[in-house]
Amino acid sequence: MGQRMGIGGSCLCGSVGFALRGPLRDVVICHCHWCRKSSGHAFASGAVADQGLDLYRPGALAWYRSSPGVRRGFCADCGSSLFWLGGEGQVRFAPGALDDPAPLRVQGQIFEDSAGDYYTPSGRAPRVGAAPARLDCSCLCGETGFSVPGPAGEITACHCTGCRKSSGHYGASFAVEAVHWHGRATVAEFAPDRAGHQGATRGFCRVCGSSLYHRDPDGRSHVEAGAVDGPTGGRLTQHLCVAQKGLYYELTDGLPQTGGCA
Ligand SMILES: [Zn+2]
Ligand SMILES: [Zn+2]
Ligand SMILES: [Zn+2]
């Protein structure tokens, strides 16, 4: 077997493996409602020509048609966000899935007005808004639904490999004590065989791939902020595991950063 050419990527569980060849378009970060639900925070994507994607191990890759002409690719075994197809002759890929260094940087942001209430795309502090007593949450396809007590309070960004592969960019979540389920028939969980936060069990919708929650080995549950349907009443307060952060983006919001993973 010869060495595989290109920049390698994979999902969190390793079921899906791919390589990118040829020129890459820089990363665009989308804050639209659909991308936020799908990724659990904000969706980042670079792009490569259709023929530049070598999907050498399709594994459990599944597709969800989120709007006419748009398909989102995710791993049905671990929920990782991987691809976005819009029929442009190119494949958009999640940079969080890449295992090899890539010459990428963030070139822009879109749908900034649709960002969640807990952060701003510019990095400036968000305005204080609503403080809902109950947070209704759901996936992109609507098959899953649950509610948690609100407001969300402190929301934490995590840049560990697990959160990056799961969301496709990086994670943002808040701790919850109790979850009241309205629909969970399509919820799947993936539990990596690792210690600490890296071994968190990740809950996602197996129909649409939306990241919903993770549960650390100590039993604490965290809801991915993008799953909340309306205002969270929360505020991004810190960045964790920045030692594993992707190289294509900068953190410019001035919030405290911690290098290690809990
Ligand atoms: Zn996977
Ligand atoms: Zn769904
Ligand atoms: Zn993490």
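Residues numbered from 1 in each chain as written. Chains lettered and ligands numbered in written order. Predicted model: local features only at pLDDT ≥ 70, side-chain atom pairs only at ≥ 80, totals over all residues. Heavy atoms only, no water.

Domain boundaries in the protein define domain 1 (8-109) and domain 2 (120-244). Centre-to-centre, using C-alpha coordinates, domain 1 lies 20 Å away from domain 2. Taken together, the 33 residues of domain 1 in the interface contact 31 residues of domain 2. In total, domain 1 and domain 2 occlude about 2,600 Å² of area from one another, counting both sides; carbon and sulfur atoms represent 56% of this. At the junction of domain 1 and domain 2, the tally comes to two salt bridges. With its nearest N and O atoms 2.7 Å apart, the salt bridge here joins Lys37 to Asp229. Here domain 1 is connected to domain 2 by 13 residue pairs in polar contact (both at pLDDT 80 or more). (Domains from an automatic or database assignment. Contact = heavy atoms within 4.5 Å. Buried area = accessible area lost by both parts, 1.4 Å probe. Salt bridge = Lys/Arg side-chain N within 4 Å of Asp/Glu carboxyl O. Polar contact = N/O pair within 3.5 Å; in protein donor to acceptor, adjacent residues only side chain to side chain.)

All told, the structure shown has eight salt bridges when counted by the stated rule. Two residues, Lys165 and Asp99, come together in a salt bridge whose shortest N-O distance is 2.6 Å. Taken as a pair, Lys165 in helix α2 (residues 161-167) and Asp99 in the loop between β9 (90-93) and β10 (106-110) lie far apart in primary sequence, 66 residues in all. Relative accessible area serves as the criterion here: at 45%, Asp99 is assigned to the partly exposed category. Two residues, Arg215 and Glu189, come together in a salt bridge whose shortest N-O distance is 3.1 Å. (Helix = DSSP H or I, 4+ residues; strand = E, 2+ residues; numbered from the N terminus. Buried < 20%, exposed > 50% of the residue type's maximum accessible area, 1.4 Å probe, protein only.)

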